[in-house]
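# Per-entry structural report
Here are the chains, one letter per residue:
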Amino acid sequence: MARRALITGITGQDGSYLAEHLLAQGYDVWGLVRGQANPRVSRVRRLLQDVQLVRGDLLDQGSLISAVERVQPDEVYNLGAISFVPMSWEQAELTAEVTGMGVLRMLEAIRVCSGITSSRATGTSGQIRFYQASSSEMFGQVRETPQNERTPFHPRSPYGVAKAYGHFLTQNYRESYGMFAVSGILFNHESPRRGAEFVTRKVTLGAARIKLGIASELRLGNLEARRDWGYAGDYVKAMRLMLQAEAPEDYVIGTGHTQSVRELVVAAFEAAGLDWEQYVVADEALHRPAEVDLLCADPKKARVQLGWEPSVAFEELVAMMVEADLRLLSDGGDPEQDSSWP
Ligand code: NDP
Ligand code: GDR
């Protein structure tokens, strides 16, 4: 029998790559979707036709219990979240509810549907394996680099704090109930499907627009922040590997290299054949209330224990995104509109 997976966040970047990966592995894939008129749901219906959809919202406990009861999954991947860091200052309470409390609601849905009641379970109880999308944003203000599974957290945004809650809760359900519940601490990962508000896509779209004469400048915030950027298609494979491991453990996933936003800009404009200094404007108004200055992963544990390695280098990733955006815009697509997802 095919393994059955339920993915929250199926309409997002990672949800789409994970669904494709699991389908290729022979899984029966279900996606949780929310809202009455969410345009991203029709995009999933169109582009991921083999995925079955079930309604539910991370804000609604009952809907998650119903979804788990209906789907009867072997594996649950909790990717749903408010994931844009600046928004987490504007809507801090909502971020706590979706990105933090949503993890509690999903774990409770699994616990209740699996009939797990003992708070002193030993071994691995229940059949459903749970993956939580933890984030390098939990490291925040780092005192050691690179960061590994033992690096302490010091989150710098309401988003990072909400993710830290979900991370510790996942660990706690594993320890309290013996559930197979794990977190992947993923560093930034990007693709042509990345939301247009995140810096990589903002830069590759900006370069493509300028190249095609649609825009004349690109305004950015902090150019000195450093991130460990990898390719989303690689990272979803690590999610599945974590749920196939013998024992439930958390893993850091990243490339082990770090670049600044400035270096990202240079690479993207070079790929478009442009001189970035003529077009990029650094705008103080786009700086964050508290910044994460430097992130760099130590993915050794994932390499040794899961056999996972990234396959796309930074320059290749940026060139792939610039190329995709040039194609999309040349074909008349509007990246802000969900219907034009490349
Ligand atoms: P996206 O922002 O592309 O997708 C977020 C998803 O969450 C969307 O499918 C959205 O669905 C869903 N969602 C939002 N609110 C709710 C809700 N109330 N109930 C159910 N679903 C909801 O994120 P990514 O694909 O980039 O990231 C996936 C996960 O991994 C997120 O949890 C993110 O925080 C985390 N992460 C991402 C990293 C990255 O670099 N991409 C790095 C580390 C962690 P809808 O269409 O309904 O809005
Ligand atoms: P991040 O990603 O906050 O790391 O979270 P983002 O791409 O938004 O920012 C990365 C860095 O770039 C700087 N920056 C800008 N960022 C944006 N969005 N727009 C700008 O104009 C701009 N100028 C400079 C930021 O200050 C920051 O330092 C992402 C999300 O996917 C999270 O959900 C995930 O958990 C983490 O990655 C790992």
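Residues numbered from 1 in each chain as written. Chains lettered and ligands numbered in written order. Predicted model: local features only at pLDDT ≥ 70, side-chain atom pairs only at ≥ 80, totals over all residues.

To continue, consider helix 3 (residues 61-71). Taken residue by residue, helix 3 has L64, A67, V68 and V71 as its buried positions. Looking straight down helix 3, one finds its buried side chains confined to an arc of 95°; they lie on one side. Opposite the buried face of helix 3, by more than 90 degrees, sit the exposed residues G62 and E69. Close packing links the buried residues of helix 3 with strand 1 (4-8), strand 2 (28-33), strand 3 (52-55) and helix 5 (92-114). Following helix 3 by one or two positions, Q72 has its phi on the positive side, about 50°. (Buried ≥ 20, exposed ≤ 12 C-beta atoms within 10 Å, placed from the backbone. Helix = DSSP H or I, 4+ residues; strand = E, 2+ residues; numbered from the N terminus. Arc of directions from axis to C-beta. Contact = placed C-beta atoms within 7 Å.)

Here we come to the site of ligand 1. G12, D14, G80, A81 and A133 are the nearest of the 26 residues found near ligand 1. Taken together, the elements giving at least two residues each to the shell around ligand 1 come down to helix 1 (13-24) and strand 5 (125-135). Partitioning the shell around ligand 1 into residue classes produces 8 nonpolar, 14 polar and 4 charged. (Near = placed C-beta within 6 Å. Nonpolar A, V, L, I, M, F, W, Y, C, P; charged D, E, K, R; others polar.)

Below, the discussion takes up the pairing of strand 4 (residues 75-78). Judged by which residues are buried, strand 4 turns out to be covered on both faces: E75 and Y77 on one side and V76 and N78 on the other are all buried. With 4 bridges joining them, strand 1 and strand 4 adopt parallel strand pairing. Residue pairing in the sheet places T8 in a bridge with N78 of strand 4. (Pairing = 2+ DSSP bridges.)

Attention now moves to the site of ligand 2. Around ligand 2 lies a shell of 21 residues, among which S83, S135, V199, G221 and A225 are the nearest. Within the shell around ligand 2, the residues separate by chemical class into 9 nonpolar, 6 polar and 6 charged. Two domains share the shell around ligand 2, each providing at least three of its residues, namely domain 1 (4-189 + 229-253) and domain 2 (195-227 + 257-295 + 313-340). (Domains from an automatic or database assignment.)

Looking now at helix 5. In a regular helix each residue adds 1.5 Å, so 23 residues correspond to 33 Å; helix 5 covers 32 Å between its end C-alpha atoms and thus fits that length. Of all the bends in helix 5, the greatest measures close to 45° and is centred on M101. (Expected span 1.5 Å × (residues − 1). Bend = angle between axes of the 7 residues up to and from the residue.)

Bringing the domain arrangement of the protein chain into the picture now. Each assigned domain of the protein chain is listed with its residue range as follows: domain 1 (4-189 + 229-253) and domain 2 (195-227 + 257-295 + 313-340). For domain 1 and domain 2, the distance between their C-alpha centroids amounts to 27 Å. Between domain 1 and domain 2, the contact holds 20 residues from the first and 16 residues from the second. Broken down by element, the residue count for the side of domain 1 that touches domain 2 peaks at 3 residues, all from helix 2 (residues 39-47).

This brings us to the packing of helix 7 (residues 199-211) against helix 9 (residues 261-271). Orientation of helix 7 relative to helix 9, taken along the N-to-C sense of each, is 30°, at an axis distance of 9 Å. Where helix 7 crosses over helix 9, the handedness of that crossing is right-handed. On the side of helix 7, the interface is formed by V199, T200, V203, T204 and A207, while helix 9 contributes V261, L264, V265, A268 and F269. (Axes fitted to C-alpha atoms, helices over the stretch in contact; angles between N-to-C directions. Left-handed = near helix turned anticlockwise from the far one by under 90°.)

Once that is clear, we can look at unusual backbone geometry. The linkage connecting T145 with the following residue, P146, adopts the cis geometry, with an omega of 0°. One non-glycine residue, Q72, lies in the positive phi region at around 50°. Within the secondary structure, Q72 sits in the loop between helix 3 and strand 4.

Let us now look at the pairing of strand 2. Of all 6 residues in strand 2, 5 are buried; the element is thus mostly enclosed. Inspection of the sheet shows strand 1 paired to strand 2 by 5 bridges, in the parallel sense. Bridge pairing in strand 2 places R4 opposite D28. Tracing the backbone out of strand 1, into helix 1 and back to the parallel element strand 2 gives a crossover that is right-handed. Sheet analysis places strand 2 next to strand 3, joined by 4 bridges and oriented parallel. Paired with V33 across the bridge in strand 3 is R55. In this region the chain leaves strand 2, passes through helix 2 and returns to the parallel neighbour strand 3; the handedness of that crossover is right-handed. (Right-handed = clockwise from strand over helix to strand, strands pointing away.)

The next thing to look at is the environment of Y27. Among the secondary structure elements, Y27 is positioned in the loop between helix 1 and strand 2. For Y27, a count of 22 C-beta atoms within 10 Å gives the class buried. It is 13 Å that separates the C-alpha atoms of Y27 and Q72, two residues lying 45 residues apart in sequence. Contacts of Y27, omitting those with residues within four sequence positions, involve A2, R3, R4, A5 and L22.

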